[in-house]
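As a plain string of letters, each chain reads:
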Number of protein chains: 2
Amino acid sequence: MPEAHKRVKDPQAVRRRLMDEAKKLAIESGISAITVQAVASAAGVTKGGFLHHFPSKQALIDAIFEEVLDQLASEIGARASKDRVAHGAFTRAYIDLAFGGEEPAMDQTWIALSLLMLDDPALRMKWTEWLNDQLSEYGEDQGNVELSIARFAVDGAWLAQHFGVAIPERKSMHEALTKSTFSAGKRG
Amino acid sequence: MPEAHKRVKDPQAVRRRLMDEAKKLAIESGISAITVQAVASAAGVTKGGFLHHFPSKQALIDAIFEEVLDQLASEIGARASKDRVAHGAFTRAYIDLAFGGEEPAMDQTWIALSLLMLDDPALRMKWTEWLNDQLSEYGEDQGNVELSIARFAVDGAWLAQHFGVAIPERKSMHEALTKSTFSAGKRG
DNA sequence: ATAAACATACCATACGAATGGTTTCTTTCA
DNA sequence: TGAAAGAAACCATTCGTATGGTATGTTTAT
């Protein structure tokens, strides 16, 4: 491992680049920009190289999706575990992910996620399951209006951001949304 | 005009069908499902027929997009004009469009809009301009946190809906979001 | 040596687009 | 009024390109 500089070939790195570049392409030019050729070239590899790492284009997409879901879960877990209040902890972590730091954490990742979902019904189902699992794990009621609104607002905000629509100050968004989760009733 | 039933050819209707079927395809199977062949077949026309009405696939997409923006503007205008309170009227109309009736108005349309945008940077810019125009026309500050959150929540909600994620009761969503626009400060 | 990590060459398919022709409608003018 | 002329609406076919994928070669690491 310390002799990584010696290696001419670094398969793991190539695999990483393939996934990262695919995300970039999707974000910059839309999902249809994810072609085997384009991704391979961007990662400095030929199509053959691509198909060595992923048996198909769909496999690449699935891999990205899975990875993103895992990242999301762990990032949320880390934040939610620090939350003193149980009710709405998931949603607050969700908010914090989007508006927490000075720069949006997992911004690219988040957008790529949805771009992939929008073109693939199967991925949409996975997302739905993931979200339901998370919500029930953290004991949040899907019918809760305030919490739902907060989460939807987060989704809408990064979507807007991706579209280039202006967004209010990150700090004030964070504050307002977080506040709304505390006044949220435990039912409805 | 009253003898429209006599006509064997009805170009306007064909044009309509092409646009409608394209929307359907996008919604049901993602944007990549919009191919000239698929749209033409769905509308009961050949590729040649398609290309007679629209010089290119992009032209069809542009036409749909423009139409949707117009529809949206007029629907919002109709609702906002009935609003007694000026501040936040646009956002309330926006909310009402999504959660107003028993069934979401312009649901298909709305989703189709974003699907198209997500794959086309040029359309994204058009949307941004449209939204900015509307906001300034109705005198809403883009920096207003409460109103922005409400609008983002609407966006996130139909996105969720399209993903198959459960959403709280329409009525309570409508109520909560509308309420938030009244308590919204005129600044920030 | 041999297996992994790629590159090269190639294939079948599907796509957007163009072409040329055929049918249907509208206009014009005798 | 009506028929000829032209335009509009549409179909069937074709073409070049790009795509996802395969098959096979070549290099690199262990």
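Residues numbered from 1 in each chain as written. Chains lettered and ligands numbered in written order. Predicted model: local features only at pLDDT ≥ 70, side-chain atom pairs only at ≥ 80, totals over all residues. Heavy atoms only, no water.

### Quick notes on the UniProt feature "DNA-binding region" (unreviewed entry) in chain A
What counts here: UniProt positions are given in the numbering used here, feature names are shortened, and annotations may be inferred rather than shown by experiment. Put simply, DSSP H or I for four residues or longer makes a helix, DSSP E for two residues or longer makes a strand, and each gets a number counted from the N terminus.
Per the UniProt record, the feature "DNA-binding region" (unreviewed entry) sits at residues 35-54 of chain A. Strand forms 0% of residues 35-54 of chain A and helix 70%; the C-alpha atoms that close the span are 13 Å apart.

### Some details on the packing of aromatic side chains
Note the following rule: For Phe, Tyr and Trp, rings pair up if their centres lie within 6.5 Å, where Trp contributes its six-membered ring, and each pair is then called stacked (planes under 30 degrees apart), edge-to-face (over 60) or tilted (otherwise). Summary of the burial criterion: residues with accessible area below 20% of their type's maximum are buried, those above 50% are exposed, and those between are partly exposed, where the area comes from a 1.4 Å probe applied to protein chains only.
In the structure shown here, the tally under the stated rule is 10 aromatic pairs over all chains. Seen in terms of ring centroids, Phe90(A) and Tyr138(A) are 5.5 Å apart; in terms of plane orientation they differ by 35°. Their pairing is tilted. A residue pair is termed long-range when its members are at least 10 positions apart, and Phe90(A) in helix H5 (residues 89-99) and Tyr138(A) in the loop between helix H7 (121-137) and helix H8 (145-163) qualify at 48 residues. On the basis of relative accessibility, which here comes to 23%, the residue Tyr138(A) falls in the partly exposed class. Taken together, a centroid distance of 5.1 Å and an interplanar angle of 20° make the contact between Trp127(B) and Trp130(B) stacked.

### Section: the packing of helix H6 (residues 107-118) of chain A against H8(A)
Each pair of packed helices gets described by two things: the angle between the helix axes and the distance between those axes. All names here are of chain A. Selection criterion: Axis definition: a line fitted to C-alpha atoms, limited for helices to the stretch in contact. Angles are taken between N-to-C directions and run from 0 to 180 degrees. Oblique is the label for any angle not under 35 degrees, not over 145, and not in the 65 to 115 range, which are roughly parallel, roughly antiparallel and roughly perpendicular in turn. Residues count as neighbours in contact if any of their non-hydrogen atoms are within 4.5 Å of one another. Three categories are distinguished: nonpolar for Ala, Val, Leu, Ile, Met, Phe, Trp, Tyr, Cys and Pro, charged for Asp, Glu, Lys and Arg, and polar for the others, with Gly belonging to the last.
Axis separation between H6 and H8 bottoms out at 10 Å; the angle between their running directions is 95°. Viewed along their axes, H6 and H8 adopt a mutual orientation that is roughly perpendicular. Here H6 contributes Asp-107, Trp-110, Ile-111, Ser-114 and Leu-115 to the contact with H8, which in turn contributes Val-154, Asp-155, Trp-158, Gln-161 and His-162. For the contact of H6 with H8, the per-class residue count stands at five nonpolar, three polar and two charged.

### As for the interface of chain B and chain A
Where we set the bar: By buried area we mean how much accessible surface two parts lose on assembly, using a 1.4 Å probe and totalling the loss over both. Any Lys or Arg side-chain nitrogen found within 4 Å of a carboxyl oxygen on Asp or Glu counts as a salt bridge.
Each side of the interface is counted separately: chain B has 40 residues, and chain A has 41 residues. A buried area of about 3,200 Å², summed over both sides, lies between chain B and chain A, and 74% of it is on carbon and sulfur atoms. The three residues of chain B that bury the most area against chain A are Leu118(B), Phe152(B) and Phe163(B), which together make up 23% of that side's buried surface. Inspection of the region where chain B meets chain A yields zero salt bridges.

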